[in-house]
Amino acid sequence: AQSVTQLGSHVSVSEGALVLLRCNYSSSVPPYLFWYVQYPNQGLQLLLKYTSAATLVKGINGFEAEFKKSETSFHLTKPSAHMSDAAEYFCAVSDLGGTSYGKLTFGQGTILTVHP
Amino acid sequence: DSGVTQTPKHLITATGQRVTLRCSPRSGDLSVYWYQQSLDQGLQFLIQYYNGEERAKGNILERFSAQQFPDLHSELNLSSLELGDSALYFCASSVGTYNEQFFGPGTRLTVL
């Protein structure tokens, strides 16, 4: 079965520091991969997606992620954290074909705290 | 604003009751997905409809059912509610079945 592991349920960084949120997936074939962000009391907003084109994917708000097949990873990075980046981040995977029909399997989420 | 609307925003009800959650997808989107977000289970896929037909089922309880209407809006029906059903229920829509999904603001269900 498809699974997604986000290493670290809480990550704390200083404003201006590098943000690195880790995501590993298990899948027999490379799936589609997504990062979503959830601000308090809001829905999920798509940050970026990997759909088997370029392995380095750029998203909104300065975030990017690199797909590494050999490591089955899709880590999210941002060079310089802003206070407004404080939120919960979810990595998600979508199997291709079979009976998945694009359903998303989510990781447990990582809460990012940004200190002034 | 994702363009996906969900009503109501909050719902408080008692055990044993039945509720209906409503979702309107983005204009042009044919797929609707329902997800449940709870503290202990995280975000879990419940069910998907594409152009009125059920396509995929996840960990959806038998007490729960859904449908997608000809105008493409969808409803999630939860019956014989239990305390453990308290959660955030999200609807998401996409153009097809493997495209990015856009999430609504969610319905927070509290079962007392």
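Analysis parameters
- Residues numbered from 1 in each chain as written.
- Chains lettered and ligands numbered in written order.
- Predicted model: local features only at pLDDT ≥ 70, side-chain atom pairs only at ≥ 80, totals over all residues.
- Heavy atoms only, no water.
- Helix = DSSP H or I, 4+ residues; strand = E, 2+ residues; numbered from the N terminus.
- Buried < 20%, exposed > 50% of the residue type's maximum accessible area, 1.4 Å probe, protein only.
- Core = buried A, V, L, I, M, F, W, Y, C linked by side-chain atoms within 4.5 Å.
- Contact = heavy atoms within 4.5 Å.
- Pairing = 2+ DSSP bridges.
- Axes fitted to C-alpha atoms, helices over the stretch in contact; angles between N-to-C directions.
- Disulfide = S-S within 2.5 Å.
- Buried area = accessible area lost by both parts, 1.4 Å probe.
- Salt bridge = Lys/Arg side-chain N within 4 Å of Asp/Glu carboxyl O.
- Polar contact = N/O pair within 3.5 Å; in protein donor to acceptor, adjacent residues only side chain to side chain.
- Nonpolar A, V, L, I, M, F, W, Y, C, P; charged D, E, K, R; others polar.

Could you give an account of unusual backbone geometry, naming the residues involved and the relevant values?
Look at the link from Thr7 of chain B to Pro8 of chain B: it is a cis peptide, with omega at -10 degrees. Mapped onto the elements of the fold, Pro8 of chain B is located in the loop between strand 1 (5-7) and strand 2 (10-13). Phi is positive for Asn41 of chain A, close to 60 degrees, though the residue is something other than glycine. With respect to the helices and strands, the residue Asn41 of chain A is situated in the loop between strand 4 (32-38) and strand 5 (44-50). Even without a glycine there, the phi angle at Asn61 of chain A is positive, about 60 degrees. Position of Asn61 of chain A relative to the elements: it lies in the loop between strand 6 (56-58) and strand 7 (64-68). Overall, the relative accessible area of 42% leaves Asn61 of chain A in the partly exposed class.

A description of the nonpolar core should follow, citing residues and the corresponding values.
Core analysis: the largest hydrophobic core is formed by 26 residues, its most contacted members being Trp35, Leu47, Leu48, Phe74, Leu76 and Tyr89 of chain A. When contributions to this core are tallied by element, the ones reaching two or more residues are strand 2 (10-14), strand 3 (19-26), strand 4, strand 5, strand 7, strand 8 (73-78), strand 9 (87-94) and strand 11 (110-115) of chain A. Apart from residues lying up to four places away in sequence, Leu48 of chain A is in contact with Leu33, Phe34, Trp35, Val57, Lys58, Gly59, Phe63, Glu64, Ala65, Phe74 and Leu76 of chain A. Counting 21 residues, the second-largest nonpolar core is a separate cluster that includes Val4, Tyr49, Phe64 and Tyr89 of chain B.

Now, about the sheet that holds strand 8 of chain A: what can you tell me, with residues and values included?
Residue and element names in this part refer to chain A. Reading across the sheet, the five strands line up as 1-3-8-7-6 and stay open at both edges, with antiparallel pairing between neighbours. The strands lining the two open edges of the sheet, one partner per strand, are strand 1 (3-7) and strand 6. Between one strand axis and the next, the sheet turns through 20 degrees on average, direction left out of account. Summarising the sheet, strand 7 and strand 8 pair through five bridges and their orientation is antiparallel. Following the sheet pairing, Glu66 is matched in strand 8 by His75.

Break down the state of the cysteines for me, with residues and values.
Here the structure, examined in full by the defined rule, presents two disulfides over all chains. One disulfide in the model links Cys23 of chain A with Cys91 of chain A; its S-S distance is 1.9 Å. On the sign convention where negative is left-handed, the bridge of Cys23 of chain A and Cys91 of chain A, at about -60 degrees about the S-S bond, is left-handed. Within this pair, whereas Cys23 of chain A is found in strand 3, its partner Cys91 of chain A is found in strand 9, the two being separated by 68 residues in sequence. The partner cysteine of Cys23 of chain B in its disulfide is Cys91 of chain B, sulfur to sulfur 1.7 Å. Residues Cys23 of chain B and Cys91 of chain B are joined by a disulfide whose S-S torsion is about -40 degrees; by sign, that bridge is left-handed. Highlighted residues: Cys23 of chain B in strand 3 (residues 19-24) and Cys91 of chain B in strand 9 (residues 87-94), separated in sequence by 68 residues. Taking the relative accessible area as the measure of exposure, Cys23 of chain B reaches 0% and is therefore buried. Its relative accessible area of 0% is what places Cys91 of chain B among the buried residues.

How would you explain the interface of chain B and chain A if you had to name every residue and give the values?
The interface of chain B with chain A comprises 21 residues on the first partner and 23 residues on the second. With both chains or domains summed, chain B and chain A bury close to 1700 Å², and 57% of this area falls on carbon and sulfur atoms. The tally of links from chain B across to chain A stands at one salt bridge. Here chain B and chain A share five residue pairs in polar contact (both at pLDDT 80 or more) between them. Every element with two or more residues in the side of chain B that touches chain A is listed here: strand 4 (31-38), strand 5 (42-50), strand 6 (53-57) and strand 9 of chain B. Residue classes in the side of chain B that touches chain A are distributed as ten nonpolar, seven polar and four charged.

These values are about where atoms sit, not about what they do.
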